[in-house]
Amino acid sequence: MAKAGTAAFAPQGSKEGTNNNTDVASDVKPLMGNEAIARGVWEAGVRVASAYPGTPSTEILENVARFPEQDIKAEWATNEKVALDVAIGASFAGVRAFVAMKHVGLNVASDSLMSMTYIGVNGGLVLVVCDDPGIHSSQNEQDTRLLARLAMVPVLEPSDAQEALDFVKQGYDISEQFDTPVIVRSTTRLSHTRSLVRVGERVVPISKGFVDNITKNVMVPSHARIRHPRLIERERDLAEFFNSSDLNRWERGGTEYGIITCGISYSYVKEVASDASVLKLGASYPLAEALIREFCESVDRVLVIEELEPVIEETVRKLGFEVEGKSLFPRVGEFSPSVVREGLVSAGLLPVAKSTPGLSPEPLARPPVLCSGCPHTSSYMALRAINARVAGDIGCYTLAAIEPLKAIDTCVAMGSSIGNAVGMYKAGTENRPIVATIGDSTFIHAGIPPLIDAVYSRADITVLLLDNHTTAMTGGQDHAGTGVNLRGKQTERVDFEQLIHSLGVKWVRKVDSYNLGNLYKCLQDAVRHKGVSVIISDRPCVLDPVKIKGTSFTVRAESCVGCQSCMNLGCPALSWSGELYDGHNKVEINQLECMGCSLCAQVCPSDAIYLPTEE
Amino acid sequence: MTTAVKPVKAPNTPPLTIPRPHNVLIVGVGGQGVIMISKVLATLCQEQGFEVKQSEVHGMAKRGGAVFSHVRFGEIVHSPTIPEGEADVLLALEWAEGMRWMPYLRQQSGTFIADTQRIVPPFACRNRTRGARTGYVGETIQTVMEQVENSFALDAMGIAKQLGVVKAANTVLLGALSTALDFPTEAWKSVISKFVPPQTTKVNLLAFDAGREWALGFDRESELRNIKDTRSLHQESTVEAGADYSRVEITEEWCKGCDICVKFCPERCLIMNEKLIVEMAEPELCTGCRMCEWLCPDFAITVHTPNHVPL
Ligand SMILES: Cc1ncc(C[n+]2csc(CCOP(=O)(O)OP(=O)(O)O)c2C)c(N)n1
Ligand code: SF4
Ligand code: SF4
Ligand code: SF4
Ligand code: SF4
C-alpha cells in the first residue's frame, strides 16, 4: 500500500525546468517495471496522475504517490473512464497528465479515448495500459494494441524496466510534438519484473495554461469532421517519425532469417537466438513501414514474434512481405523462452533440443482461495442455504464460484452482476430467487447505474453488497467508500445506505458478515420483498489494509463426527487431522492461520469447535 | 532523448566469472515469504556487481495460491523468466510446490532445496468417500532424494524453533541456499541485515548460520538411510472399491417438513418436495455422515452404511 511518505528512490523535491544532476553512476536502482514507470512519470514532470486499480497495473499509481504531493497530484478514481477524464482535464489545463489501468480498464475508458484522440492534447498525456497475456489475474487476455489502432493512438512497447522509464518520458515528448495521447503498453511480466534502472532528474515543462480553441476542444459533428482528417495525417507523420526514431532498433545478425519483435518477447528472442538479426520495435503502432521494408529485404525469411494478436504480422504482410508469425508462435497465452524456442525449432531454425525426462510429478491443484476469516465466506454460505440464482461480479469474492462454496453462477465484467440479475428477472425463466453479489469497490466502479436501472424497471431482485471496506483483490486500495485517499489521509466518504436509499431502493439493511444466522434470515426477508432489496454485508477484509487476527478456534477431536460441514466453508485454516470417525475424516484448525472469525463454530452441528479461552 | 539500453552495472564491478546467467527459482505458497527471499537474493547479486532480473506474478498470490519468483543474474540477462529445465537452484518453501516446479530444475547439475513443510489446500480435502486421504502430492522425501542428485530436504521451521524464533525459518533456508551459490558469507549477512527488523538481526544471522551449517554438514547417504519423514499424504482411499455406499431411508409418515436435515446436510443432497416431505435428490453425493439422522427431531431418517449398524 502506498501511503504518505517518500520512496527510497524518490529524491526530495525538484526544480521546475532544471536538470543539473549528472552523477548518474550512483543512480542505478533495482526497480520493478511498475516502479520504473512511476519514476518515469515523475521525471517527465507530470502534475496530475489518476488510475483505478487493476492487476498488473496497480503499483504504478501507488508508486507515483510516493513522490511529494507538491510535485504530483495522484488519486484513485472511481473507475478508469473517470481516471482518463481527470487526466484529459489536466491536459486541457496545460499540464502533463498521466493515467494507468489494466487492459480491460481501457474498455471502460474507451468512450473518452475515442473522442479525445480527435482533440489531441495541450499538456502531454500518456496512458500506461498493462496487458495480461496468460490471464494471470484477469477475466480475458485482450490485446490493447487493437483498441489503440481503433483510436489511432500511438503505442510504445518497452522490453524492460529501463525502457519502461525511458519510453514514458519519450511518450510525453511524442504526445506534445504530435498532439496525441500516447499509450505505453506493459504486460504482467514487464510490470512485475525487477531489474536495474538508471534514473534521472525531474524536469517540469512550463505550463501553457488552458488554450481556448473551440474547434479543437469541443467535439461536435462539425468540429469532429475537421479533426478526423488530421488524425489520418497524424498517423502518417508518426509512422514517418518512427522510421528514424531510436525507439526502434535494428540489431544486425545473419541474413538467413530475421525476427521482428516487440515488448517482453524481445528478451525471449535474445535469450534463445542471440545471434539472429532482430528488428526490435519500440513503437508497435503506427509501424515504421520504411524501416520494416528495409529489414525484410535484408533477410531471406522474416518471422514476427509478438504476444497475443498478430498486429505487427498482419501489417507487415500488407506491405507485401511473406512473414511467419502466428503459424509458429501461439496467439493465446504468455510467451516464455521455451515457447519462442519451440517456434524457432518448428521453423527449422534451431536444432531440436534433446530432452531426457526427469522427475515430473503430477502437480497439486492449489487454486487461490478466500483467506481464512474472509468476510465474504458467510455471504455465500447463506446464499447456498436460500438456494438462490447468483449473478456474480469481480473481486476476491469471485473465488466463491469454485469448490467448495460453489455459490456463484455468472461473472462477466466489473459491475455486470446487477444488470445481469435484472435481465434474468426480465427473462422470467427463473423460479429461484435472483441475487446479485457485488463488492464495495466494484459497486462504486460500475454498480450504481445498473442499480438505478433495477429500481427504474421494477426488477424483483436482491443485491448483496459485500462491503469489506477495501479493494481487496488488487491488494487493498482505498476508494470513495473508505473515506481514505491514496496518500492515507482522511477524505469524504460515501455512505452506502444513504446512497442506496436515495436511488429509490425501499428495502435496505446492513448486517454483520460474521453473523451467519442473521445473514441467512435477512436474505430470506430480502428475497421475499417484492422489488429491489439491498443487503449490505459489512466486515473489513482481514488481510488489507491491516491484518485482523483474533483468537484461534480449536476442534475438540472427541466431538468431531467428520461431517465436513465446516470444510464446506473452504477456509484454508481447516484441514483433515488424520483421525477418522466412522470412516470420515475429522478436522483440525491450524492455529497460526485461523483468524478467529467463528464461522466454522457457527456451522458445526456437533459443537466441536470452540474458543480455548472460553473453556 | 533515450538511447538504446545497455546492460547496467553497479559501480566497482568485480570481474565476472559466470559465462551464462545463473538461475534461481524460488517457489512456495502465498504468504510464505517467497518474494522477500528473492528480493534478498536479487539485492545480493546486484551488490556483487551482476545484472539481475527478478520476476514474480502478483494478484492471486496472497490468497493461498502458488507463488513463484525467478531470479536470474549474470553479465547480461535477457529473459526475466527461467527456461524450463534451466534452474540451477530450485528453492521450495513448501513440499508440493517444489514438486510442481521440478521440471524447471537443470538435470544432473541443478540443486533442489526444499522445506519439508506441507500446506494442504482446502481443495485437496474434497474427496468425501470414507477413509479418503487428501489429494496432496505422492512424492516422498525419499523418492526425490533418490532421483535428484543434489537434493536437500530440511525442516527449516524446526531449526528455527530450536533457536526460539519460528519467524526466522526463511532465513534458515537462505543459509541453506547460500551453500549453492558462490557469494561470500559476509555479503549474505550484510544484505539480510538490511531486510530484517533491526531488533531481530542477531537471531536472523544465527538462523542463517544454522541453515548454512545444516547444508554443509548434510550427508546424503546417511540421510537416505535414516529418513524418518516418510509421509505420503496422497490420495488413496482405505475403503475397498464398491464398499462405500450409503443409503438414506426416509419414513415419510414421520417427516413433518421442518427442513432441518435439508439445511444441515453438508453435501446438500436432500430437498423438501411439494408435499413438504424430505426427499433424497442427489444420492451419489451422500457421504453417509449421518447428520440428517442425528438431527431429525422425529427420527424420520435412518442412514445405512456398510460397517455401521443402525441404532
Ligand atoms: C475494468 C476493470 N478494472 C479493474 C479490474 C481489476 N479488479 C478486479 S476485482 C477489482 C475490485 C475488487 O474490489 P471489491 O469489489 O471491493 O471486492 P473485493 O476484492 O474487495 O472483495 C478490481 C479493481 C477489472 N477486473 N476490470
Ligand atoms: S483479501 Fe480480504 S476480501 Fe480477499 S479473500 Fe482475503 S480476506 Fe477475503
Ligand atoms: S474460526 Fe474457523 S472459519 Fe474462521 S478462520 Fe478460524 S478456522 Fe477458519
Ligand atoms: S463441522 Fe464439526 S463435526 Fe463436522 S467435521 Fe467440522 S468440526 Fe467435525
Ligand atoms: S447422511 Fe444425511 S446429512 Fe449426511 S450427506 Fe447423506 S443425506 Fe446428507
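Above: the structure in question.
Reference entry: report on the structure contained in this document. Predicted model only: the values in this text are computed from it and were never measured.

So, how was this worked out
- Here the residue numbering is sequential within each chain, running from 1 through the sequence in written order.
- As they are written, the chains are lettered A onward and the ligands numbered 1 onward, keeping that order.
- Given that this is a predicted model, residues contribute local features only at a pLDDT of at least 70 and side-chain atom pairs are listed and counted only at 80 or more, while totals for whole chains, interfaces and linings are drawn from all residues.
- Heavy atoms from the whole structure form the basis of all side-chain values; hydrogens and water molecules are not counted.
- We call a residue near a given molecule or strand whenever any one of its heavy atoms falls within 4 Å of it.
- Basically, the charged four are Asp, Glu, Lys and Arg, the nonpolar ten are Ala, Val, Leu, Ile, Met, Phe, Trp, Tyr, Cys and Pro, and anything else, Gly included, counts as polar.
- Definitions used throughout: a 1 Å grid over protein atoms alone; a cavity as a set of points that fits a 1.4 Å probe which cannot get out; a pocket as an open set with protein on both sides within 12 Å along at least five of seven lines; a lining residue as one with an atom within 4 Å of a point.
- Grid points are joined across faces, edges and corners, and a volume is the space filled by probe spheres set on the points.
- Only DSSP runs of H or I with at least four residues qualify as helices, and only runs of E with at least two residues qualify as strands; both kinds are numbered from the N terminus onward.
- Where each domain starts and ends follows an automatic or database-derived domain assignment.
- Here the term buried applies to any residue with accessible area under 20% of the maximum for its type, exposed to any over 50%, and partly exposed to those in between, with areas from a 1.4 Å probe on protein chains only.
- Pairing between strands is defined by DSSP: at least two bridges between the two strands are required.
- The working definition used for a salt bridge is a side-chain nitrogen of Lys or Arg within 4 Å of a carboxyl oxygen of Asp or Glu.
- Contacts between residues were defined by any pair of non-hydrogen atoms, one from each residue, lying within 4.5 Å.
- Lines fitted to C-alpha atoms define the axes, with helix axes restricted to the stretch in contact, and inter-axis angles between N-to-C directions lie between 0 and 180 degrees.
- Summed over both partners, the accessible surface that disappears when two parts come together, traced with a 1.4 Å probe, is what is meant by buried area.
- Geometry of aromatic contacts follows a simple scheme: Phe, Tyr and Trp rings, the Trp one being its six-membered ring, pair when their centres are within 6.5 Å, and the pair is stacked under 30 degrees between planes, edge-to-face over 60, tilted otherwise.
- Only when the NZ atom of a Lys or the CZ atom of an Arg is both within 6 Å of the ring centre and within 35 degrees of the ring normal do we say a charge sits over the ring.

1. Examining the site of ligand 2
1) Next: A:Leu370, A:Cys371, A:Cys374, A:His376, A:Cys396, A:Asn468, A:Ala472, A:Cys541, A:Val542, A:Leu543 and B:Arg63 make up every residue found near ligand 2.
2) Next: Around ligand 2 the close residues trace back to chains A and B.
3) Next: A class-by-class count of the residues in the shell around ligand 2 yields eight nonpolar, two polar and one charged.

2. Describing the layout of surface pockets
1) Next: Looking at the second largest pocket, its volume works out to about 1400 Å³.
2) Next: For the second largest pocket, the lining is made up of 44 residues, of which A:Arg384, A:Ala385, B:Val262, B:Cys265 and B:Arg268 are closest to its centre.
3) Next: Residue contributions to the lining of the second largest pocket peak at five residues, all from helix α14 (residues 376-385) of chain A.
4) Next: The residue makeup of the lining of the second largest pocket, split by class, is 24 nonpolar, eight polar and twelve charged.
5) Next: Domain assignment of the residues forming the lining of the second largest pocket places at least three in each of domain 3 (376-538) and domain 4 (554-614) of chain A.

3. Things to note about the site of ligand 5
1) Next: Taken together, 15 residues are adjacent to ligand 5, and B:Cys265, B:Cys286, B:Cys289, B:Arg290 and B:Cys292 come closest.
2) Next: Broken down by class, the residue content of the shell around ligand 5 amounts to eleven nonpolar, two polar and two charged.

4. Points about empty space enclosed by the protein
Residue and element names in this part refer to chain A.
1) Next: For the structure shown, the criterion picks out 13 cavities of 30 Å³ or more.
2) Next: Put simply, the largest cavity is a space of about 140 Å³.
3) Next: Around the largest cavity, the lining is made up of 17 residues, and of these Ser 372, Gly 373, Cys 571, Cys 597 and Cys 600 lie nearest the centre.
4) Next: In terms of residue class, the lining of the largest cavity is made up of twelve nonpolar, five polar and no charged.

5. Remarks on the pairing of strand β3 (residues 73-76) of chain A
All names here are of chain A.
1) Next: Because side chains alternate across β3, one face comprises the buried residues Ala 74 and Trp 76, and the other comprises Lys 73 and Glu 75, none of which is buried.
2) Next: Of the pairings in the sheet, the one linking strand β2 (residues 48-51) to β3 comprises four bridges and is parallel in character. Of the residues in β3, the one forming a bridge with Ser 50 is Glu 75.

6. Section: the pattern of salt bridges
1) Next: Within this structure, the stated rule accounts for 48 salt bridges over all chains.
2) Next: Its salt-bridge partner being A:Arg202, residue A:Asp71 comes within 3.9 Å of it at the nearest N-O pair. Taken as a pair, A:Asp71 in the loop between α2 (58-64) and β3 and A:Arg202 in the loop between β8 (193-198) and α8 (214-217) lie far apart in primary sequence, 131 residues in all. An identical accessibility class is assigned to A:Asp71 and A:Arg202; each is buried.
3) Next: Notably, a salt bridge pairs B:Glu267 with B:Arg128, separated by 2.6 Å at the nearest N-O pair. Separated by 139 residues along the polypeptide, B:Glu267 in the loop between α9 (260-264) and β8 (270-272) and B:Arg128 in the loop between β5 (111-115) and α3 (141-147) bring together distant segments of the chain.

7. A closer look at the sheet that holds strand β14 (residues 323-324) of chain A
All names here are of chain A.
1) Next: Strand order in this open sheet of five strands is β9-β11-β10-β13-β14, and the pairing throughout is mixed. Looking at the sheet topology across the chains shown, the edges are occupied by β9 (249-251) and β14.
2) Next: As paired elements, strand β10 (residues 258-262) and strand β13 (residues 302-305) share four bridges and run parallel to each other. When the bridges of β13 are listed, Ile 259 appears paired with Leu 303.
3) Next: Packed onto the sheet, helix α11 (residues 289-298) meets β9, β10, β11 (277-281) and β13 and runs at close to 165° relative to β11.

8. Observations concerning the interface of chain B and chain A
One widely used convention gives an interface's size as the accessible area the parts lose upon coming together.
1) Next: Each partner contributes residues to the interface: chain B has 80 residues there, and chain A has 79 residues.
2) Next: Between chain B and chain A lies a buried interface of about 6800 Å² when both sides are counted; carbon and sulfur atoms form 60% of it.
3) Next: Our count for the chain B to chain A interface comes out at six salt bridges.
4) Next: For the side of chain B that touches chain A, the secondary structure elements donating two or more residues are α1 (34-47), β2 (51-56), β3 (66-74), α2 (95-100), α3, α9 and α10 (291-295) of chain B.
5) Next: Of all the elements, β2(B) adds the most residues to the side of chain B that touches chain A, at six residues.

9. So, the packing of aromatic side chains
1) Next: Applying the stated criterion to the full structure yields 19 aromatic pairs over all chains.
2) Next: Where A:Phe329 meets A:Phe335, the ring centres are 6.5 Å apart and the plane angle is 45°; that geometry is what we call tilted. Each of the two residues, A:Phe329 as well as A:Phe335, counts as buried.
3) Next: Where A:Tyr581 meets B:Trp294, the ring centres are 6.4 Å apart and the plane angle is 65°; that geometry is what we call edge-to-face. Of the two residues, A:Tyr581 sits in strand β21 (residues 574-581) while B:Trp294 sits in helix α10, which places them in two different chains.
4) Next: Residue classification places B:Trp294 among the partly exposed positions, given a relative accessible area of 35%.
5) Next: Pairwise contacts between aromatic rings join B:Phe50, B:Phe73, B:Phe183, B:Trp188 and B:Phe208 into one cluster.
6) Next: The residue whose ring lies beneath A:Arg252 is A:Trp250, and the NZ or CZ to ring-centre distance is 3.8 Å.
7) Next: The ring of A:Tyr610 is capped by A:Arg556, whose NZ or CZ atom sits 4.5 Å from the centre of that ring.

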